[in-house]
Amino acid sequence: MAKVLLVEDDPSVRSALRRCLSDASYTVRDCGTALGGLRAVLDEPFDVMVLDLGLPDLDGLEMLRMLRTVSDIPVVVATARRDEREIVRVLGSGADDYLVKPFSVEHLIARMTAVLRRAASGGGGLCPDVVKVGGLVVDAARRVALLDGSPLDLTRKEFDLLEFLARRPGIVVARGELFRQVWLQTYRGERTVDIHLSWLRRKLGESAARPRYLHTVRHVGIKLEYAEAVV
């Protein structure tokens, strides 16, 4: 199982995450400061870092920039900050994924698993600009999506939703988490996610009853995974 470096300043959160990750068979080392995290990375190898941004000695964003001068360890940022400009800055500074608190340990593990899978496939721990799933190609840098070679005419939120799911192929994401991460708002059971998923399905040439990419897992959430169309 992977070796995790947990950088979190809140002792109670750090203790709970350490215990839960250890129970899930991860090897965990934790620290409560940015400089402690940097020293840990230089001391020994880790497979992935879980990083809070609100650290007492250095802001997590500044730590991330310093980290990227010495290491390409995959980093999942786990923070209460949900400002869209902040998320863009953090991802642009070298984070591999961004998770807004509160979140479940299961969700954190799913994000870590996806990041580790990308790193193992040769991504060097960095999110690729182009994601391919079946005949679907999502180019994050150019904000272009192609289906079987033809461009998809997507709104901004449709593209954001598709990209978010495409970067986590096969991982089931709850509707509430989609709303928090894509719309950056607190979920209160709004139908916004379902409406956008319906529009997105139409543009992908599928339906909820006959999905090719967007699969509903009942009472759990949505996953993006390619499946051959049933004739």
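Up top is the structure.
Residues numbered from 1 in each chain as written. Predicted model: local features only at pLDDT ≥ 70, side-chain atom pairs only at ≥ 80, totals over all residues. Heavy atoms only, no water.

Visitor: Just checking my understanding: could you explain the overall build of the chain for this structure?
Guide: Check the secondary structure of the chain and you find eight helices and 11 strands. Relative to its length of 231 residues, the chain is compact, with a C-alpha radius of gyration of 18 Å against a globular reference of 17 Å. If you line up the chain on its principal axes, its C-alpha atoms span 55 × 35 × 35 Å. Counting every position in the chain, which comprises 231 residues, the buried fraction comes to 46%. (Helix = DSSP H or I, 4+ residues; strand = E, 2+ residues; numbered from the N terminus. Rg over C-alpha atoms; globule rule 2.2 N^0.38 Å. Buried < 20%, exposed > 50% of the residue type's maximum accessible area, 1.4 Å probe, protein only.)

Visitor: Just to check I follow, could you spell out the side chain of His215 for this structure?
Guide: If you trace the backbone, His215 turns up in strand β10 (residues 214–217). Under the relative-accessibility criterion, His215 is labelled buried at 15%. Setting aside residues no more than four positions away along its own chain, His215 makes contact with Arg201, Gly221, Ile222, Lys223, Glu225 and Ala227. (Contact = heavy atoms within 4.5 Å.)

Visitor: Explain empty space enclosed by the protein to me, please; I cannot follow it from the model alone.
Guide: Leftover empty space is mapped by rolling, across the atoms, a probe with the size of a water molecule. All told, the structure shown has one cavity of 30 Å³ or more when counted by the stated rule. In this structure, the largest cavity encloses a volume near 30 Å³. Residue lining of the largest cavity: Leu6, Val7, Glu8, Leu17, Val50, Leu51, Asp52, Ala78, Lys101 and Phe103, and that is the complete set. Within the residue set of the lining of the largest cavity, elements represented by two or more residues are β1 (3–7) and β3 (48–51). Across the lining of the largest cavity, the residue classes tally to seven nonpolar, no polar and three charged. (1 Å grid on protein atoms, 1.4 Å probe; cavity = no way out; pocket = protein on both sides within 12 Å on 5 of 7 lines; lining within 4 Å. Points joined across faces, edges and corners; volume = space filled by probe spheres on them. Nonpolar A, V, L, I, M, F, W, Y, C, P; charged D, E, K, R; others polar.)

Visitor: How do you make sense of helix α6 (residues 156–166) when you look at a structure like this?
Guide: In an α-helix, one turn spans 3.6 residues, which is why side chains three or four residues apart end up on the same side. Most of α6 sits inside the fold, with 10 of its 11 residues counted as buried. Of the residues making up α6, those classed as buried are Lys157, Glu158, Phe159, Asp160, Leu161, Leu162, Glu163, Phe164, Leu165 and Ala166.

Visitor: Explain the packing of α6 against helix α8 (residues 192–203) here, please?
Guide: The contact between α6 and α8 brings their axes to 10 Å, and the two run at 85°. Classed by the angle they form, the pair α6 and α8 counts as roughly perpendicular. In contact with Lys157, Glu158, Leu161, Leu162 and Leu165 of α6, α8 contributes His196, Leu197, Trp199, Leu200 and Lys203. Residues that form the contact of α6 with α8 fall into these classes: six nonpolar, one polar and three charged. (Axes fitted to C-alpha atoms, helices over the stretch in contact; angles between N-to-C directions. Parallel < 35°, antiparallel > 145°, perpendicular 65-115°, else oblique.)

Visitor: Would you explain unusual backbone geometry in this entry?
Guide: With the exception of glycine, the majority of residues adopt a negative phi angle, and the majority of peptide bonds are in the trans configuration. Backbone torsion omega between Lys101 and Pro102 reads 0°, so that peptide bond is classified as cis. Checked against the element boundaries, Pro102 lands in the loop between β5 (97–100) and α5 (105–123). A positive phi is found at Asp148, a non-glycine position, where the angle reads about 50°. Tracing the backbone shows Asp148 in the loop between β8 (144–147) and β9 (150–151). Assessed through its relative accessible area of 51%, Asp148 is described here as exposed. You will see that His219, though not glycine, has its phi angle at about 65°, which is positive. Take His219: it is sitting in the loop between β10 and β11 (221–224).

Visitor: When you look at the packing of aromatic side chains in this model, what are you seeing that I'm missing?
Guide: Aromatic rings in a pair are described by how distant their centres are and how their planes are angled relative to each other. If you walk through the whole model with that rule in mind, you get two aromatic pairs. When the ring of Phe179 is compared with that of Trp183, the centres are 5.6 Å apart and the planes differ by 15°; the resulting orientation is stacked. One end of the pair is Phe179 and the other is Trp183, both in helix α7 (residues 175–183) and four residues apart, which spans about a single turn. You can call Phe179 buried: its relative accessible area is 3%. For Lys3, the ring lying beneath its charged end belongs to Phe46, and the centroid distance is 5.2 Å. (Phe/Tyr/Trp six-rings, centres within 6.5 Å; stacked < 30°, edge-to-face > 60°. Lys NZ or Arg CZ within 6 Å of the ring centre and 35° of its normal.)

Visitor: I would appreciate a short explanation of the side chain of Ser93 in the present structure.
Guide: When you line up the elements, Ser93 lands in the loop between α4 (84–92) and β5. When sequence neighbours within four positions are dropped, the list of residues in contact with Ser93 reads Leu61, Leu64, Arg65 and Arg68.

Any link to function would need more than the numbers given here.
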